[in-house]
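# Topology and contacts: notes
For reference, the chains in residue letters:
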Amino acid sequence: MKLNSNQSIQPIITLKRYYYYILAVIILIIPINVAADSSMQIVATTKGYNWQKMIDKHFVVAFTEKDEKIARTTLSIVDNFRSQISLHIGGYTSNSPVSIIIAPSRQVFENLSGITEEWAVGMAEKTNRIVILSPRRFGSKSEIERLLRHEYTHILLHRAAKGHFLPRWLNEGLAMHYESDVWRIPDDIRLTKAFFTHSLLPLDLLSWYFPSNREKAALAYSQSLDVVTYIIEEYG
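Owing to the predicted nature of the structure, the values given are computational and were not obtained by experimental measurement. (Residues numbered from 1 in each chain as written. Predicted model: local features only at pLDDT ≥ 70, side-chain atom pairs only at ≥ 80, totals over all residues. Heavy atoms only, no water.)

What follows covers helix α8 (residues 185-196). Taking 1.5 Å of rise per residue, twelve residues should cover 16 Å, and α8 covers 17 Å from first to last C-alpha, within 8% of that figure. All of the buried residues in α8 are D187, L191 and A194. Seen end-on, α8 carries its buried residues on one side only, within an arc spanning 65 degrees. Exposed positions of α8 whose direction lies more than 90 degrees from the buried face are I189, K193 and F196. Among the structural elements, α7 (168-179) and α9 (214-235) are those in contact with the buried residues of α8. (Helix = DSSP H or I, 4+ residues; strand = E, 2+ residues; numbered from the N terminus. Expected span 1.5 Å × (residues − 1). Buried < 20%, exposed > 50% of the residue type's maximum accessible area, 1.4 Å probe, protein only. Arc of directions from axis to C-beta. Contact = heavy atoms within 4.5 Å.)

One number sums up the size of the largest pocket: a volume of about 1200 Å³. Lining the largest pocket are 41 residues, and of these W119, V121, R146, H150 and Y221 sit closest to its centre. Elements represented by at least two residues in the lining of the largest pocket include exactly β4 (122-125), α6 (143-161), α7, α8 and α9. Sort the elements by how many residues they give to the lining of the largest pocket and α6 lands first, with seven residues. Here the residues of the lining of the largest pocket are counted per class, giving 18 nonpolar, ten polar and 13 charged. (1 Å grid on protein atoms, 1.4 Å probe; cavity = no way out; pocket = protein on both sides within 12 Å on 5 of 7 lines; lining within 4 Å. Points joined across faces, edges and corners; volume = space filled by probe spheres on them. Nonpolar A, V, L, I, M, F, W, Y, C, P; charged D, E, K, R; others polar.)

Looking at the chain, the pLDDT average stands at 82 and 78% of residues meet or exceed 70. Low pLDDT, under 50, characterises residues 1-37; the predicted model gives this stretch one contact beyond four residues in sequence or across chains. (pLDDT = per-residue confidence, 0-100.)

A few words on the packing of aromatic side chains. Counted under the stated rule, the structure contains five aromatic pairs. A ring pair is formed by F210 and Y221, whose centres lie 5.1 Å apart and whose planes are at 85 degrees; its orientation type is edge-to-face. One end of the pair, F210, is in the loop between α8 and α9; the other, Y221, is in helix α9, with eleven residues separating them in the sequence. Judged by relative accessible area, F210 falls into the buried class, the value being 9%. Through a chain of ring-to-ring contacts, three or more aromatic side chains come together here, namely F59, F81 and Y152. Over the ring of F210 we find R168; its NZ or CZ atom is 4.5 Å from the centre of that ring. (Phe/Tyr/Trp six-rings, centres within 6.5 Å; stacked < 30°, edge-to-face > 60°. Lys NZ or Arg CZ within 6 Å of the ring centre and 35° of its normal.)

Okay, structure coming up:
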């Protein structure tokens, strides 16, 4: 049977319509998946936990049920610190929101951060994500302020560097400088002991990585803070 012009054209038009409908759906879905990527990563990596979120203009805090109070404290701390640190590292606090994930256990922290050292309790991932171990797991809840200030400083330094190399000792030294104003007696003792035992770590080595050994890592942090403090006091 011979088809007339209307019969042959109609199926083509119908197929084109379906094609455009499918294309439109794909375009609409892709941004949603990208925006939800961080949340989906948490769910995929930490099955068995009921994750919740607290969101404001600058931060997204992800947490499990037992850490709801800690999450509220977290949001308050980082919001206050953001306004303070902007006076020193201005112009980089207004970028895209930072995600803060409060890991409910050591295993979840390791899965999300990729850090396996037993002494580690926080990690800043480049410019937009922080993972911390819940203070319920590593000590006093008062430690959360020091930890959050430290990790958020890393985020701002990464943004300020704009992809340029940032020596590890400078990165960690500045983070320690801004995390607390308290006099650090343990750091002074550690540095004094290392000086007299000729066990100070070479600064050029600390430009690239820190030791995984707990005691040597602590010395690396102390040395970094000491050098940064000297630079700030001498040159502002």
